[in-house]
Amino acid sequence: MATAKTNLTTKELKELKERLNAERADLQSQLTEIEQNTFGSNQSDLSGEMAFDEEYADAGTATFERERDLSLVNNLHDLIEKVDKALAKMDEGTYGLCQRCGKPIEKARLKALPYASLCLADKKAEEHVR
Ligand SMILES: [Zn+2]
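Basis of the calculations
- Residues numbered from 1 in each chain as written.
- Predicted model: local features only at pLDDT ≥ 70, side-chain atom pairs only at ≥ 80, totals over all residues.
- Heavy atoms only, no water.
- Helix = DSSP H or I, 4+ residues; strand = E, 2+ residues; numbered from the N terminus.
- Buried < 20%, exposed > 50% of the residue type's maximum accessible area, 1.4 Å probe, protein only.
- Contact = heavy atoms within 4.5 Å.
- Areas by Shrake-Rupley, 256 points an atom, 1.4 Å probe, with all protein chains shown as cover.
- Donors = N, O, S within 2.8 Å, 3.2 Å for Na, K, Ca; no water.
- Tetrahedral: all angles 85-135°; square planar, octahedral: opposite > 155°, others 65-115°.
- Salt bridge = Lys/Arg side-chain N within 4 Å of Asp/Glu carboxyl O.
- pLDDT = per-residue confidence, 0-100.
- Core = buried A, V, L, I, M, F, W, Y, C linked by side-chain atoms within 4.5 Å.
- 1 Å grid on protein atoms, 1.4 Å probe; cavity = no way out; pocket = protein on both sides within 12 Å on 5 of 7 lines; lining within 4 Å.
- Points joined across faces, edges and corners; volume = space filled by probe spheres on them.
- Nonpolar A, V, L, I, M, F, W, Y, C, P; charged D, E, K, R; others polar.

Asker: Where do I start with the overall build of the protein chain in this structure?
Answerer: When helices and strands are counted, the protein chain shows five helices and zero strands. Along the protein chain, helices (α) and strands (β) appear in the sequence α-α-α-α-α when read from the amino end. Counting over 130 residues, the protein chain shows a buried share of 27%. Within the protein chain, contacts between residues at least 6 apart in sequence are counted, and of these 62% link residues at least 24 apart. Carbon together with sulfur atoms contributes 51% to the accessible area of the protein chain, which is approximately 9000 Å² in total.

Here it is in C-alpha cells:
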C-alpha cells in the first residue's frame, strides 16, 4: 500500500504506539481537568440569572484565566488530534512518513516526538515560512 517504508522495527513501532496511547490518555485527563475547572467553577459562580457574557468579559483576571484555559484546551485538542492521526497511520501502515515529502521521518525525531508528521527538513521549512 505505502510506497515508502520507515525503517522502524516492529518492536520500535510497538513502543511508539504504547507511548502514543499513554500520551493520549494523559492529554485527555488534562483536558477533562481543565474543562471541569473552567466550566464547572464558572457555572457555580453564576447563580442562575446572570449570563456568561459581558459582566465576565470585562472582569480582567477572570477573562484572562478563561482565555488562558481556552488556549490550553485548544492546544490539548491539537495534540490529541496529532496523536490520533499518528495512531491511525500506524493502523494504515503509513506511520513515520513525512506528510509533505513522503519520505521516512528521522527515527530520532519520532522517538523524541512520536506524533511528528513532518520530517526535520520539512518542519524547518514550515517554521521558516511563518
Ligand atoms: Zn519531508
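There is more to say after this.
Asker: Help me understand the coordination of the zinc ion, please; the structure alone is not making it clear to me.
Answerer: Looking at the zinc ion, the protein donor atoms are Cys98 (SG), Cys101 (SG), Cys119 (SG) and Asp122 (OD), and they sit 1.8 to 2.3 Å from it. One can describe the donor arrangement at the zinc ion as tetrahedral, given that its four donor atoms subtend angles of 98 to 118° at the metal. Read N to C, the donor residues that coordinate the zinc ion are spaced as C-x2-C-x17-C-x2-D. Here Cys98, found in the loop between helix H3 (60–92) and helix H4 (107–112), pairs with Asp122, found in helix H5 (residues 120–129); they are 24 residues apart in sequence, far enough to count as distant. Each of the two residues, Cys98 as well as Asp122, counts as buried.

Asker: Which parts of the structure should I look at to understand the pattern of salt bridges?
Answerer: Any two side chains of opposite charge can pair if their charged atoms end up close together. Considering all chains together, one arrives at 10 salt bridges under this definition. In this structure, Glu12 and Lys107 form a salt bridge, with 3.1 Å as the shortest nitrogen-oxygen distance. Within this pair, whereas Glu12 is found in helix H1 (residues 10–45), its partner Lys107 is found in helix H4, the two being separated by 95 residues in sequence. Its relative accessible area of 29% is what places Lys107 among the partly exposed residues. Between Arg24 and Asp84 there is a salt bridge; the shortest N-O distance is 2.5 Å. Remark: Asp84 occurs in helix H3 and Arg24 occurs in helix H1; sequence separation between them is 60 residues. Taking relative accessible area as the criterion, Arg24 reaches 25% and is therefore assigned partly exposed. The structure contains a network of salt bridges with shared partners spanning Glu12, Lys107 and Lys111.

Asker: Can you walk me through the confidence of the model for the protein chain in this structure?
Answerer: Note: predicted coordinates in regions of low pLDDT should not be interpreted at a detailed level. Scored by pLDDT, the protein chain has a mean of 84; 80% of the residues are at 70 or more. The least confident element of the protein chain, judged by mean pLDDT, is helix H2 (residues 53–58) at 55; the most confident is H4 at 95.

Asker: Is there a simple way to explain the environment of Cys98 in this structure?
Answerer: We classify Cys98 as buried; its relative accessible area is 4%. For the pair Cys98 and Ser117, spaced 19 residues apart in the sequence, the C-alpha separation amounts to 5.6 Å. Once you skip the residues sitting within four places of it in the chain, Cys98 turns out to touch Lys103, Ile105, Ser117, Leu118, Cys119 and Asp122.

Asker: Any chance you could explain the nonpolar core here in plain terms?
Answerer: It is characteristic of soluble globular proteins that their nonpolar side chains tend to be buried jointly. Ranked by size, the top nonpolar core spans 21 residues in total, and within it Leu16, Leu20, Val83, Tyr95 and Leu110 carry the most contacts. Among the secondary structure elements, those contributing two or more residues to this core are H1 and H3. For Leu16, the residues in contact, after removing those within four places along its chain, are Leu8, Met90, Tyr95, Leu110, Lys111 and Pro114.

Asker: Explain the layout of surface pockets here, please?
Answerer: To locate leftover empty space, one rolls a probe as large as a water molecule over the atoms. Its volume calculated, the largest pocket comes out at about 390 Å³. Forming the boundary of the largest pocket are 19 residues, of which Lys82, Gln99, Tyr115, Ala116 and Ser117 lie nearest the centre. Mapped onto the lining of the largest pocket, the elements with two or more residues apiece are H3 and H5. Per element, the largest residue contribution to the lining of the largest pocket is seven residues, and it comes from H3. For the lining of the largest pocket, the class distribution of residues is seven nonpolar, three polar and nine charged.

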